[in-house]
Amino acid sequence: MKSLEEFIKENKEMFMNTEPSDGHMLRFEERLKQERRRNKIRLITRISSIAAIGLFLMASSVFIYERYFDQQPLLLNLGDVNPQMEKVEFYYTSQINQMAFGMDSLSSVAQEDVRMMMSNELAEMDSVHTELQKKLGANPGDERIVNAMITYYQKKLGMMQAFVNTLTQIKQTNNSKNDDHESTLL
């Protein structure tokens, strides 16, 4: 550092009298502009790299969460666990489907509140079935869950038979009222 100071002091006149060459200021400004461009490019590159890393971390954390922490239990049917139970399940589901068809054909005779009550009861039964399927998926060999599912099918079938019987009685009552009303008109 001292040698630079000594050099400047010794050659002070040269520094005071000498003007920079032509175009020196233009070249200097051009170099400054290039340096600014490089700095901008570096900044953009750094920001892009940080954003890419952040995006990668977010995507991998979502993947890991969905893969390992947010697993929905399997919804298994009886036939999925035990092939012998597939026949039992098929029997009950076909009977329930027939009852549902009967209920649909008779539902026009019931009042809206009766139809709504039946629909709500069946929806509640279906939510019980979904929970049993989840439990069966979590514990495929558990006989208690298998028995609970068979009991569910029996109760749902019984409930639907009761609904069909009720709707049939309502229809018969309506028909007898219509017959009585027609006979009084004649």
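Residues numbered from 1 in each chain as written. Predicted model: local features only at pLDDT ≥ 70, side-chain atom pairs only at ≥ 80, totals over all residues. Heavy atoms only, no water.

**Q** I'm lost on the pattern of salt bridges in this one. Help?
**A** Using the criterion set out here, one finds six salt bridges in the structure. Note that D126 and K156 form a salt bridge whose closest N and O atoms lie 2.5 Å from each other. One end of the pair, D126, is in helix α6 (residues 112-138); the other, K156, is in helix α7 (residues 143-185), with 30 residues separating them in the sequence. In this structure, E131 engages K134 in a salt bridge whose closest nitrogen and oxygen atoms are separated by 3.7 Å. A residue pair is termed a helical-turn pair when its members lie 3 or 4 positions apart in one helix, as E131 and K134 do in helix α6 at three residues. A relative accessible area of 40% means that E131 is categorised as partly exposed. Residue K134 is classed as partly exposed on the basis of its relative accessible area of 27%. Each of E35, R38 and R42 takes part in salt bridges that share partners, so that together they form one network. (Salt bridge = Lys/Arg side-chain N within 4 Å of Asp/Glu carboxyl O. Helix = DSSP H or I, 4+ residues; strand = E, 2+ residues; numbered from the N terminus. Buried < 20%, exposed > 50% of the residue type's maximum accessible area, 1.4 Å probe, protein only.)

**Q** Got a minute to help me understand α6 in this structure?
**A** In an α-helix, one full turn covers 3.6 residues, which means residues spaced three or four apart are oriented alike. The terminal C-alpha atoms of α6 lie 39 Å apart, and with 27 residues this matches the ideal 39 Å at 1.5 Å per residue to within 8%. By the burial criterion, the buried members of α6 are M118, L122, M125, H129, L132, Q133, L136 and G137. (Expected span 1.5 Å × (residues − 1).)

**Q** For this particular structure, what's the right way to read the side chain of Q133?
**A** Tracing the backbone shows Q133 in helix α6. For Q133, a relative accessible area of 10% corresponds to the buried category. The residues contacting Q133, other than those within four sequence positions of it, are L74, L75, L76, N77 and M149. (Contact = heavy atoms within 4.5 Å.)

**Q** Could you clarify how one ought to interpret the packing of aromatic side chains in this entry?
**A** How two aromatic rings sit relative to each other is given by the distance of their centres and the angle of their planes. Per the stated rule, a full pass over the model turns up three aromatic pairs. Where Y91 meets Y92, the ring centres are 5.2 Å apart and the plane angle is 70 degrees; that geometry is what we call edge-to-face. We classify Y91 as partly exposed; its relative accessible area is 44%. Aromatic pair Y152 and Y153: ring centres 5.2 Å apart, planes at 55 degrees, arrangement tilted. For the pair Y152 and Y153, a shared accessibility class is recorded, and that class is buried. (Phe/Tyr/Trp six-rings, centres within 6.5 Å; stacked < 30°, edge-to-face > 60°.)

**Q** Help me understand the nonpolar core, please; the structure alone is not making it clear to me.
**A** A general feature of soluble globular proteins is that nonpolar side chains tend to end up buried together. Grouped together as the largest cluster of nonpolar side chains are 25 residues, with contacts concentrated most on L78, M103, L136 and Y153. Elements that contribute at least two residues to this core include exactly α5 (83-106), α6 and α7. Considering every element that reaches this core, the biggest residue donor is α7, with 12 residues. Beyond its immediate stretch of four places on either side in the chain, L136 contacts L76, N77, L78, V81, I145, V146 and M149. (Core = buried A, V, L, I, M, F, W, Y, C linked by side-chain atoms within 4.5 Å.)

**Q** What should I look at first to understand the environment of N175 in this one?
**A** Its place among the elements puts N175 in helix α7. Residues N175 and D113, spaced 62 residues apart in sequence, show a C-alpha to C-alpha distance of 20 Å.

**Q** Would you take a moment to explain the side chain of E89 for this structure?
**A** Note on placement: E89 falls in helix α5. One buried charged residue, E89, remains without a salt bridge, the closest side chain of opposite sign being K156 at 11 Å. One polar contact links the side chain of E89 to the main-chain amide nitrogen of G79, over a distance of 3.1 Å. In contact with E89, not counting residues within four places along its chain, are N77, L78, G79 and Y153. (Lys, Arg positive; Asp, Glu negative; His and termini not counted. Polar contact = N/O pair within 3.5 Å; in protein donor to acceptor, adjacent residues only side chain to side chain.)

**Q** Explain a nonpolar patch on the surface here, please?
**A** A grouping of L4, F7, I8, M14 and F15 is seen on the molecular surface, where their side chains present a nonpolar patch of about 480 Å² in accessible area. For the nonpolar patch, the elements supplying multiple residues, two or more each, are α1 (2-10) and α2 (12-17). With three residues, α1 is the single largest residue contributor to the nonpolar patch. Within the secondary structure layout, L4 lies in helix α1. For L4, a relative accessible area of 49% corresponds to the partly exposed category. (Patch = residues over 30% accessible without salt bridge, like charges linked within 9 Å, V, L, I, M, F, W, Y side chains within 5 Å. Areas by Shrake-Rupley, 256 points an atom, 1.4 Å probe, with all protein chains shown as cover.)

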